[in-house]
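Overview (structure and organization)
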Amino acid sequence: MNDIKSKVEKGERLSFEDGLFLMNTPDLLAVGRLADIVRRRKNQNRAHYIINSHINHTNLCVNKCRFCAFQKEKGTPEAYTMGLEQIMSEAKKSYHPLVSEFHIVGGLHPDLPYSYYRDMISSLHSAYPAVHLQAFTAVEIDYFAIISGMSLQETLADLKSAGLGSLPGGGAEIFAEKTRKKICPDKISGDRWLEVMKIAHETGLRSNATMLYGHIESPEERIDHLVRLRELQDITGGFMAFIPLAFHPLNTELSDRTFTSGQLDIRMLAVARLMLDNFDHIKAFWIMISPAISQLALFFGADDIDGTVIEEKITNAAGGQSGKSLTLAQLEGMIREAGMESVLRDTLYNALNREQPALSAAN
Ligand code: V47
């Protein structure tokens, strides 16, 4: 631990072995103290939150991931696909002038044409030009390239010209091939996920990155995942935030697994903060790990607790207990009570003026 401490204090990069040690040491508080040094170096006393709304346009998906409770079969009672009008009406329902982001993720629908996704983006962008559209994981982008017959570059550039602002970090799951094949055999490989992100960054679209943990992955695979993200970030610098996603087992094919523990949730965030020395932000997504643990995470490397969210369906389908939305006052209260300065941000981490958000930063 002393070796690692000295590297952190000098701002030196940690090795794979260092990461594994941090993943396994019983001294969680020591890991947290080191993560807090990096957090403060990068973000001082600031903790970020955003006023956003999630739109999940369809739960039909040709990938049948074993960890997913959101995916439904065509023709079953719970299957749904929103038409463009319904998407616009969902957006209208959740919109108010403080909303700065629509976060849009859906399944890989078996039949919809590429024009559905392009129209969704251009219609939302025309109706809400000041709202940043963070939409479509790398997995969805790869699928759109297939159904449209365009290259990845063309697909991304086309969506960007329609109004796409950035990519969320989903679909990364765990990169390690053996485990990835077991939990999501139909999904694109980890290497392909990284390739899509590389091209997105080269196209001028920034993105987030995630990792699904707490299923059947090993500590080595978690560190391998972080190292691969760090390597791509060295090349492109396009990632904004890393978000560890805690596996929720209910209604999934891995329902014999337990929910993640508080110590693992906190440790994952702290180790990510220490390993991802080239990421500016580590996000504790309260929907996945509860508002209480997210608040504690601010002492263990996290500088962001995501947002109001309004309605999220993916975690909810798999037994999420944290509810569907938090108010602005609740998010601010959590941060202030932790002794930090709450910063209302937009998707790209520009600070917004709470009274006049639309005037304070350009999307
Ligand atoms: O890719 C699916 C995960 C992701 C389960 O970029 C599950 O800011 C837990 O990526 N238990 C989609 N997780 C959501 C996502 C996301 C969320 C919040 C913020 C951002 C961001 C991105 O949800 C999927 C998958 O990894 N997921 N099923 C489950 N049972």
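Right above here is the structure, for reference.
Residues numbered from 1 in each chain as written. Predicted model: local features only at pLDDT ≥ 70, side-chain atom pairs only at ≥ 80, totals over all residues. Heavy atoms only, no water.

**A short note on the site of the ligand**
As a matter of local geometry, the ligand sits amid 21 residues, with Phe67, Gly169, Gly171, Glu173 and Lys283 nearest to it. Between His248 and the ligand, the recorded distance is 2.8 Å, taken from a backbone N or O atom to a nitrogen atom. At a separation of 2.7 Å, an oxygen atom of the ligand approaches a polar side-chain atom of Lys283. In the complex, 97% of the free accessible area of the ligand, which totals 610 Å², lies under the protein chains. The set of elements that each furnish at least two residues to the shell around the ligand consists of β6 (206–213) and β7 (239–246). When residues in the shell around the ligand are grouped by element, the largest group, three residues, is from β7. Of the residues in the shell around the ligand, the class split is 12 nonpolar, seven polar and two charged. (Near = heavy atom within 4 Å. Polar contact = N/O pair within 3.5 Å; in protein donor to acceptor, adjacent residues only side chain to side chain. Areas by Shrake-Rupley, 256 points an atom, 1.4 Å probe, with all protein chains shown as cover. Helix = DSSP H or I, 4+ residues; strand = E, 2+ residues; numbered from the N terminus. Nonpolar A, V, L, I, M, F, W, Y, C, P; charged D, E, K, R; others polar.)

**Focus on the pattern of salt bridges**
A full pass over the atoms with the stated rule returns 23 salt bridges. Two residues, Arg228 and Glu177, come together in a salt bridge whose shortest N-O distance is 3.4 Å. Residue Arg228 is located in helix α10 (residues 219–236), and its partner Glu177 is located in helix α8 (residues 177–183); the two are separated by 51 residues in the primary sequence. (Salt bridge = Lys/Arg side-chain N within 4 Å of Asp/Glu carboxyl O.)

**Some thoughts on the packing of aromatic side chains**
Enumeration over the complete set of coordinates arrives at 11 aromatic pairs. Among the aromatic residues, those joined into a ring-pair cluster are Tyr114, Tyr116, Tyr117, Phe136 and Phe144. Lying over the aromatic face of Tyr349, Arg345 brings its terminal NZ or CZ to 4.2 Å of the ring centre. (Phe/Tyr/Trp six-rings, centres within 6.5 Å; stacked < 30°, edge-to-face > 60°. Lys NZ or Arg CZ within 6 Å of the ring centre and 35° of its normal.)

**Some points on the environment of Glu253**
By secondary structure assignment, the location of Glu253 is in the loop between β7 and α11 (262–275). Taking the C-alpha atoms as reference points, Glu253 and Ala69, separated by 184 residues in sequence, lie 8.3 Å from one another.

**Overview of the sheet that holds strand β9 (residues 304–307)**
In spatial order, the strands read β9-β1-β10; together these three strands make up an open sheet with parallel pairing. For this open sheet the edge positions go to β9 and β10 (341–344), each flanked by a neighbour on one side alone. Across this sheet, the average inter-strand angle for adjacent strands is 25°, counted without regard to direction. Relative to β9, strand β1 (residues 46–50) is paired through two bridges, and the arrangement is parallel. Residue pairing in the sheet places Ile50 in a bridge with Gly307 of β9. (Pairing = 2+ DSSP bridges. Axes fitted to C-alpha atoms, helices over the stretch in contact; angles between N-to-C directions.)

**Focus: the state of the cysteines**
This structure, assessed with the given rule, holds zero disulfides. With no disulfide of its own, Cys61 has Cys65 as its nearest cysteine by sulfur position, at a separation of 6.2 Å. You can call Cys61 buried: its relative accessible area is 15%. (Disulfide = S-S within 2.5 Å. Buried < 20%, exposed > 50% of the residue type's maximum accessible area, 1.4 Å probe, protein only.)

**Overview of unusual backbone geometry**
Peptide bonds are mostly trans, and most non-glycine residues show a negative phi. One non-glycine residue, Gln44, adopts positive backbone phi at about 50°. Inspection of the secondary structure assignment puts Gln44 in the loop between α3 (28–43) and β1. Backbone geometry places Tyr349, a non-glycine residue, at a positive phi of 70°. By the secondary structure assignment, Tyr349 is in the loop between β10 and α15 (357–360).

Purely geometric numbers; function is a separate question.
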